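Residue-level structural notes
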Amino acid sequence: MRVRAVSGLLASTTLLVTAFAVPASATPVPSTPNTGHQPSKHHFSAAAQSFVGADTVQKRVAKLEAAMASLPKESTAYNATKLWNAGITGAGSTVATLVSFGDDQVKQVLDTYSKNHGLPPANVEVIEPSGAVPACTDPGVDTATCQGWGGETDLDVTMMHAMAPNAKIIVAATPVAETQGFTGLPEMMHAVDYMTEHKLADVISMSFGTTEENFPSFDSIKTLDPALDRASKAGVTMVASSGDDGPTGGYLYGPGNYPYRVASWPASDPRVTTLGGTQLHLDANGARTKADDVVNVADNGFSEGAGLSKTYARPNWQDGVKKITGSKMRSFPDISMEGVYGTSQSAPLFAGVLALAVQAKHGRLGQINPALYTKLGPAGTKAGIVDVTEGDNSQDGVTGFTAAKGFDIASGWGTVDASVFVPALVKALR
């Protein structure tokens, strides 16, 4: 089902852009010279890029099968099946993925994949809250970018469905491609507001990001926060990917990355729970052969994003780790999951875990970071927190952050055992 809705909090593209105007007193950021290049495009994972040219359901299913073939069964790896056996499957919860363009045939793609892999049919709804989404072949649309977003959409919903098979999934598709800087983000924040206003989603997953330096100013980034504030106050949990450029990030005008440490938004925003990427090491039966480690460029061609914001001060719930971060600014990620296809994989996986928690709690979770930092993380394995102590995210000549015992900037608190983490989270939020 596809729903188009433009009415509500903001009514037009003009109003959207005006709503996120740059403050006159904004602190400037280092400029990115335009050397004749076009603005950088969204950084797709290799799996999402593989969908370019896949213009039918059958072709997209084939790409999805190929992308997922080398991946372990996530529900087994994170012990979600133990929750399923207890009746916790995500039933009654709704998780949304926020994307540009989307895929209007995503349900057919996911249902075909699910039938092939023993999962139930998916309850998927596509909405267009920020205006009608064009077809990938419409005039003025970059077809490859549009089809890449279609692949991102199909992968996101598969991750969610694999973790919480009975959760409802909403694809909130926007008509403007998110690239770098503000482009595409006002429409996305309008979509967040629409879902909040109409009480559509319990969890919203965001598999996108833009380098903080690529905004007109660091202060201007905060003009995007009201939508996230409203969602958080309504009990919606926001999840974001930490990025795939290690400790750096792409220029506003590509190609290339900054030669020093930068941070990505919304990963750096304290209103969201940010997911880093790890890699699982499993045998044929799904049992771990060694502990998870941080996704690194040496093994995967990219490194998971991690770092320190230059925009957001350290939130009080991170005060307990301030000696580790050594900074007065917000560090990210907060937690990590499998991200061998990028942290755009780990974010929807964790969103699926949260859908299980929504069912277990019989209601929304709201902002989980305070509980994660003050109760769950310090409790370790008793709260389903599995430490990640190996790997670093150095990339492109920029020194990154190294995983270590306990909390670290590279992986946050580590990863999760869903069978323990979900009940511990529910208890911590009561």
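Conventions and cut-offs
- Residue positions are given per chain, counted from 1 along the sequence in the order it is written.
- Under the rules for a predicted model, residues below a pLDDT of 70 receive no local features and side-chain atom pairs below 80 are neither given nor counted, while totals for whole chains, interfaces and linings still include all residues.
- Only hydrogens and water are set aside when side-chain values are computed; all heavy atoms of the structure are taken into account.
- UniProt positions are given in the numbering used here, feature names are shortened, and annotations may be inferred rather than shown by experiment.
- In DSSP terms, a helix is any run of H or I states spanning at least four residues, a strand is any run of E spanning at least two, and both are numbered starting from the N terminus.
- C-alpha atoms define the radius of gyration, and 2.2 Å times the number of residues to the power 0.38 defines the globule rule.
- Relative accessibility thresholds used throughout: buried, under 20% of the residue-type maximum; exposed, over 50%; partly exposed, between the two (1.4 Å probe, protein chains only).
- Contacts are assigned to residue pairs with any non-hydrogen atoms lying within 4.5 Å of each other.
- A 1.4 Å probe and the Shrake-Rupley method give the accessible areas. Residues count as covered only by the protein chains that appear here.
- Charge counting treats Lys and Arg as positive and Asp and Glu as negative, with His and both chain ends excluded.
- All charge positions are set by atom: Lys at NZ, Arg at CZ, Asp at CG, Glu at CD.
- In this text, buried Ala, Val, Leu, Ile, Met, Phe, Trp, Tyr and Cys residues form a nonpolar core when linked through side-chain atoms within 4.5 Å.
- Throughout, a disulfide means two cysteine sulfur atoms within 2.5 Å of one another.
- Ring pairs are drawn from Phe, Tyr and Trp, using the six-membered ring of Trp, whenever the two centres fall within 6.5 Å, and their geometry is named by plane angle: stacked under 30 degrees, edge-to-face over 60, tilted for the rest.
- Comment: the charge-over-ring label is applied if NZ (Lys) or CZ (Arg) is within 6 Å of the ring centre and within 35 degrees of the ring normal.

Labelled according to an unreviewed UniProt entry, the protein chain appears under the name Peptidase S53 domain-containing protein, originating from Amycolatopsis camponoti. On record in UniProt, under Sequence similarities (unreviewed entry), the comment for the protein chain is "Belongs to the peptidase S8 family."

This part is about the overall build of the protein chain. A tally of helices and strands in the protein chain yields 15 helices and 15 strands. Taken over the C-alpha trace, the protein chain has a radius of gyration of 20 Å; the compact-globule value for 430 residues is 22 Å, and the two agree within 12%. If one aligns the C-alpha atoms of the protein chain with their principal axes, the spans along those axes are about 50 × 50 × 40 Å. Here the protein chain holds 430 residues, and the buried ones make up 60% of them. When contacts within the protein chain are restricted to residue pairs at least 6 apart in sequence, those whose partners lie at least 24 apart make up 80%. Taken as a whole, the protein chain presents about 15,800 Å² of accessible surface, with 54% of it coming from carbon and sulfur. Taken as two groups, the 32 positive and 40 negative side-chain charges of the protein chain have centres that lie 8 Å from each other.

What follows is about the nonpolar core. Membership of the largest hydrophobic core comes to 109 residues, with the highest contact counts inside it found for Leu 98, Met 189, Ile 204 and Phe 350. Looking at this core element by element, the count peaks at 11 residues for helix H13 (residues 343-361). Those residues in contact with Leu 98, other than ones at most four positions away along the chain, are Ala 172, Thr 174, Met 188, Met 189, Ala 191, Val 192, Ile 204, Ser 205, Met 206 and Phe 208. Judged by nonpolar contacts, the second largest core, of seven residues, contains Val 294, Ala 306, Ile 409 and Ala 410.

It is worth spelling out the environment of Ala 77 at this point. Along the polypeptide, Ala 77 turns up in helix H4 (residues 74-77). Sequence spacing of Ala 77 and Val 176 is 99 residues, and the spatial spacing of their C-alpha atoms is 36 Å. If we skip the residues at most four places from it in the chain, Ala 77 touches Leu 280, Leu 282 and Arg 288.

The next thing to look at is the state of the cysteines. Counted by the stated rule, this structure contains one disulfide. The disulfide partner of Cys 136 is Cys 146, and the S-S distance across this bridge is 2.0 Å. Given an S-S torsion of about -70°, the disulfide between Cys 136 and Cys 146 has left-handed geometry. Pair noted here: Cys 136 is in the loop between strand E3 (123-128) and helix H7 (143-163) and Cys 146 is in helix H7, with a separation of 10 residues, a long-range link.

A separate point is the packing of aromatic side chains. Applying the stated criterion across every chain, the model contains nine aromatic pairs. Ring geometry for Phe 44 versus Trp 149: centroids 5.5 Å apart, planes at 80°, classification edge-to-face. In this pair, Phe 44 sits in the loop between helix H1 (13-19) and helix H2 (46-49) while Trp 149 sits in helix H7, placing the two residues 105 residues apart along the sequence. Centre to centre, the rings of Tyr 373 and Phe 407 are 5.6 Å apart; their planes meet at 55°, and the pair counts as tilted. Here Phe 407 lies in the loop between strand E14 (385-386) and strand E15 (415-416) and Tyr 373 lies in helix H14 (residues 369-379), a separation of 34 residues in the sequence. The two residues Tyr 373 and Phe 407 agree in class, both being buried. Each residue in the set Trp 317, Tyr 373, Phe 407 and Trp 413 is aromatic and connected to the rest through ring pairs, giving one cluster. If you follow Arg 261 out to its NZ or CZ, it ends over the ring of Phe 401, 4.0 Å from the centre. Over the ring of Tyr 78 we find Arg 288; its NZ or CZ atom is 5.8 Å from the centre of that ring.

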